[in-house]
Amino acid sequence: MTALILGMLRSRLGRALTVALLTALATVAAVAAPVYVARTDRQIVDTAVAQATTKERNVQVSGGVEAGTDGRIPTTFERLGSGWVDAPGYTSVFRAQFVAQSEATPIVDADQLSRVVYRESLCEHVVLVAGRCLMGTGDAVLSVGAADRLKVKPGDAVGLTGSLFDAISNRYLSSGPATPITVVGIVRARDGTEPYWGSGGALTDADGPAYYVDRRTLATFSRTSELQTYDAYPLPGAISVEHLDALRAWVEDSDRRNNSGARLTTDLGALLDRIDERRADVRATVPFAVAPVLVLAWAVIILAVAAATRARRFEHGIIALRGVARTGRWWLATGETLVPMLLGALAGFTAVGGWTTPGALLYAAVAVVGAVLAGLVVGVRTVSGPVAALLRRIDVRSGRWGARIAVFAAVAAAAATFQLRGGSGGVAGVAPALVLLAIALLTAVVAPVLAARLGAVALRRGRLTGALAGLSLARRPSAARLLAVLVVALSSLAFAAAAVTQADQRRADQAQQAMGASTVLSVGATTRHALLDAVHAADPDGRYAMAVVPIPGGLAVDAPRLGVTGNGGWATQLQPAPLANPATVTGTTLSLDITVTFLDRTDDGFSAVVAPLNGRPNATVEFGAVKAGRHTYSGAMPCADGCRLIQLGFRLAPYAGPALELTLHNAPTTAWQSPPGATLTPQGPDVAMKLPPGPEAGAGVLRPDGGPAVLPVVSTGPLPPTGLLTVFDRQRQLPAKVVATVPRLPRLGTDGLLVDLESADRLSIDSAAAGAEVWLAAGTPQPVLDAIAAHGVTIDARRTVADARAALAGEGSALGLRFYLVAGVLAVVLAAAALLSGTVEGPSDDLRALRRQGLSARRARLVEPFAALLLVLSAGIVSVPATVAAWAAAAPPNLHGRPPLGPPAAALAAALLLLAVVAVLTATRTGPARRQRA
């Protein structure tokens, strides 16, 4: 029997190869899912790592190390700390630093401190701006920003000593003798985004300007303690699919490493969680997308096996007539297809890389088992008919079964749609596919009837070719089945194209909204004043760049430059008029001449807050207690280059009582904003004041009249009932009012508010610009970016709308949805394979009979190509309402709405053209008129 089957394979090698290729294609379609998942896993990991913050990628262990009795810093932490950051694939950088002060000022405030820093391999990661890098003991280099703040240049000698905080005076004292160093170079980071710099950033001066020295120079300083740190960062490939489990185990074990002497910090666990979540999203989507492709592959194999078996009906009738046992007949009917199917499955699995893809064997097994079972059922069923039917080459009809299957598919589609509307789970994930399948099967049931009627109409009108084509399709069960395959394939591709297109459009809108501007620069630690100065200097016309600082619930923006985001209409609402010139003071001492005419309490004190014009942090000038009579009050201030006077604050009683009465002589300004209940009376160069105490916010606080008394706000909703807004000072609220209510704001969406950055800055004491950004318009020239960096603002990261779109496209749900498009393409390829396999075979006996009755050879040659073309065009027509119905009834909730029509229409047209060409060529090659000469 085996030899007979092998002989049958040799004699009909073409059909055997067709079955093998179809099975290989079905296997490839199935294994495409795990292959896609494996490749997507790598893409997810690479994208997540690229988008992760430095703190999410890096690991840091730090600890304060006290000097020993001999004044030396112990090396215990340095020797053991690197073992704490031994994550797989990581390398570490050692850093040590301490706070220092100039030998010229033995007692200093916090804003006068500097730092001495040693960072391993520093010179390999910086670029010289001036001078040279570290070479010997006593050398030091500074960043551009630190050099500007300290007013030093290469060649300057500096004497520094360690600082020690004195809790009594609330100031810093010298902790030992000074150490002389020489500034030998000014440097900038070669690449501020290098993981080498750790989570603190590149050459940051947020905690004071830093003198960078080598290890030998560090050891020459006298200090009571220093902060030592190991910054560990991943080497290329360290965070990969292969290493995720090891990294997860390391993170779970790292929590126990913290103790009182050292602390390990990292957000690597959050990064791994995000990767796992995205991978899970892909795995939750792909099986639903590949299931219809598998069913379609099995359908194509059934068509091919049925066509091959029907071609041998007469042979099986003779075998049955000669008394061969039923099992032998079944083996002969199925063996000729079973062997090619197994060989084709093995070839397809190998070709697509299944042996090296996790999970591929399971998908391939499902595909092959389904294909084998389909082939067995079709083969056995075909040769199990009556001998007379086999000898007469008559198919066993199954119209009723086709109708029942169509009804069952329609019920399943309705149930899946209902389940999808109610949530998710169960068969909800394949609801669109079930809707398409139900419509395709119902089309296959009614298609023969419609084809027969259309053929009869064409015959009555004298259109013989069309009539023969229609009647030919109506007489062949395989035509209706193939029509169902084509409808499913075409509508699957159109639906997938629509879903992916709309998802892409939604992500584009989300990216634009999330970014706020075409390009966003994240900048390092700076002050708001320094940020505004740098942006204004780099872009004096305000065409390209706008400074932005986050505030609770909103953003502070440089309102006159809102045209950068296309929202310039809000500029005049946030800043109705240009701000007046601020009150300024210059020098290292602020002196105020005040006459107190009524003083109810002896413990009333006052202070001033100034903002240095050189961009350094704001400073508070303390004057002590208020005294009756005329006195001059003085306090040290860091305003050699000038300062803006932010406020004078008198600390009054928190309860009602007599007002503090005083006269401010020759003040920096005579225009002040009056605090609640106060009275201010200008008297030439002097100002007489009555300041009542009380619990009201801002009692006793005088601000120069250089900014708005009430902060204008553009908001998506109302302010709190108090009308007060927290902006920059976390413990202090400012009076504000909504000047415009809008439905949506850049970056903030439907919930948030905007204030003018400079106006809010003038009303605030704190000067930090945490999370500051610079928004750039499209087409911003590179010199603008270079100029921003040249003015001392460190650019930590640069993001564009395209980056945001790519980030959203890298989400697990987006990648999983994109596989639907892959599945749609595979479905069209399977449909083309069904056409190529010769499943549409012309009724050659009928055409031969018609040729003998006078049908011309030319017309006979046109019947089969016309029938094939009619079948494909019919499938294309049906696929349009099928796609619309699937979208309307069973599209995922997040894809509701009408998608853009261009891409799905183009995909459907391209697939129709391909299938039409394949159908016509196949019918022309295999049609009976080609085999029968006129």
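Worth saying up front: this structure is predicted, and the values here are computed from it rather than measured.

1. Overview of helix α14 (residues 431-460)
Stage number 1. Taking 1.5 Å as the rise per residue, α14 with 30 residues should run 44 Å; its terminal C-alpha atoms sit 43 Å apart, in good agreement.
Stage number 2. The sharpest bend along α14 comes to roughly 40°, located at Val446, with the proline Pro448 sitting one to four residues further on.

2. Considering the nonpolar core
Stage number 1. Grouped together as the largest cluster of nonpolar side chains are 119 residues, with contacts concentrated most on Ile239, Leu486 and Leu915.
Stage number 2. If you tally residues by element for this core, the top one is helix α8 (residues 268-310), at 14 residues.
Stage number 3. Counting 35 residues, the second largest nonpolar core, distinct from the first, contains Leu531, Tyr544, Leu763 and Ala772.

3. As for the pairing of strand β23 (residues 686-691)
Stage number 1. Here β23 lies mainly inside the structure; five of its six residues are buried.
Stage number 2. Judged from the five bridges that link them, strand β20 (residues 660-665) and β23 form a sheet pairing that is antiparallel. Each bridged residue has a counterpart across the sheet, and for Leu662 the counterpart in β23 is Met689.
Stage number 3. For strand β22 (residues 679-683) and β23, the ladder comprises five bridges, and the chain directions are antiparallel. Paired with Thr679 across the bridge in β23 is Lys690.

4. Some points on the side chain of Arg644
Stage number 1. Following the sequence through the fold, Arg644 ends up in strand β19 (residues 629-651).
Stage number 2. Residue Arg644 is classed as buried on the basis of its relative accessible area of 7%.
Stage number 3. There is a polar contact of 3.2 Å between the side chain of Arg644 and the side chain of Asp761.
Stage number 4. Dropping the residues within four chain positions of it, Arg644 is found in contact with Pro582, Ala583, Thr584, Val609, Val610, Ala611, Leu613, Asp761 and Arg762.

5. Here we look at the packing of α14 against helix α15 (residues 464-475)
Stage number 1. Where α14 contacts α15, the axes come no closer than 7 Å and their chain directions differ by 160°. Of the possible angle classes, the one that applies to α14 and α15 is roughly antiparallel. Two packed elements cross with a definite hand, and for α14 against α15 that hand is left-handed. Here Pro448, Ala451, Ala452, Gly455, Ala456, Ala458 and Leu459 of α14 lie close against α15, whose contacting residues are Leu464, Gly466, Ala467, Gly470, Leu471, Leu473 and Ala474.
Stage number 2. Its residues placed into classes, the contact of α14 with α15 shows eleven nonpolar, three polar and no charged.

6. Thoughts on the sheet that holds strand β30 (residues 795-800)
Stage number 1. Reading across from one edge, β26-β27-β25-β28-β15-β14-β29-β13-β30 is the order of the nine strands in this open sheet, with mixed pairing throughout. Edge strands, defined here as strands with exactly one partner in the open sheet, are β26 (724-726) and β30. Across the sheet, the mean angle from the axis of one strand to that of its neighbour is 35°, orientation sign disregarded.
Stage number 2. Examined bridge by bridge, strand β25 (residues 711-715) and strand β28 (residues 753-756) share two bridges and lie antiparallel to one another. Looking at β28, one finds that Ser715 is bridged to Leu753.

7. Some words on the pairing of strand β24 (residues 701-704)
Stage number 1. Of the two faces of β24, the one carrying Val701 and Arg703 and the one carrying Leu702 and Pro704 are both buried.
Stage number 2. Judged from the two bridges that link them, β19 and β24 form a sheet pairing that is antiparallel. Bridging from a neighbouring strand, Gly649 pairs with Val701 of β24.
Stage number 3. Here two bridges tie strand β21 (residues 672-673) to β24, and the two strands are oriented antiparallel to one another.

8. Let's talk about the confidence of the model for the protein chain
Stage number 1. For the protein chain, per-residue confidence averages 82 on the pLDDT scale, and 84% of positions sit at 70 or higher.
Stage number 2. Note on residues 839-843: pLDDT under 50 across the span, and 21 contacts to partners over four residues away in sequence or across chains.
Stage number 3. Every residue in residues 928-934 is under pLDDT 50, and counting partners more than four places away or in other chains gives 15 contacts.

9. Focus on the state of the cysteines
Stage number 1. Applying the stated criterion across every chain yields a total of two disulfides.
Stage number 2. Residue pairing for Cys123: its cysteine sulfur links by disulfide to Cys133, the two sulfurs lying 1.9 Å apart. Between Cys123 and Cys133, the S-S dihedral sits near -90°, and the bridge is therefore left-handed. Linking Cys123 in the loop between β4 (114-119) and β5 (126-131) with Cys133 in the loop between β5 and β6 (139-143), this pair joins segments that are ten residues apart in sequence.
Stage number 3. Judged by its relative accessible area of 33%, Cys123 is partly exposed.
Stage number 4. A relative accessible area of 13% means that Cys133 is categorised as buried.
Stage number 5. The disulfide bridge from Cys639 ends at Cys643, spanning 1.9 Å between sulfur atoms. Torsion about the S-S bond of the Cys639 and Cys643 cystine: about -95°, corresponding to left-handed handedness. Residue Cys639 shares its accessibility class with Cys643, and that shared class is buried.
Stage number 6. With cysteine numbering restricted to those in disulfides and following the sequence, the protein chain has the pairing 1-2, 3-4.

Rules used throughout
- Residues numbered from 1 in each chain as written.
- Predicted model: local features only at pLDDT ≥ 70, side-chain atom pairs only at ≥ 80, totals over all residues.
- Heavy atoms only, no water.
- Helix = DSSP H or I, 4+ residues; strand = E, 2+ residues; numbered from the N terminus.
- Expected span 1.5 Å × (residues − 1).
- Bend = angle between axes of the 7 residues up to and from the residue.
- Core = buried A, V, L, I, M, F, W, Y, C linked by side-chain atoms within 4.5 Å.
- Buried < 20%, exposed > 50% of the residue type's maximum accessible area, 1.4 Å probe, protein only.
- Pairing = 2+ DSSP bridges.
- Polar contact = N/O pair within 3.5 Å; in protein donor to acceptor, adjacent residues only side chain to side chain.
- Contact = heavy atoms within 4.5 Å.
- Axes fitted to C-alpha atoms, helices over the stretch in contact; angles between N-to-C directions.
- Parallel < 35°, antiparallel > 145°, perpendicular 65-115°, else oblique.
- Left-handed = near helix turned anticlockwise from the far one by under 90°.
- Nonpolar A, V, L, I, M, F, W, Y, C, P; charged D, E, K, R; others polar.
- pLDDT = per-residue confidence, 0-100.
- Disulfide = S-S within 2.5 Å.

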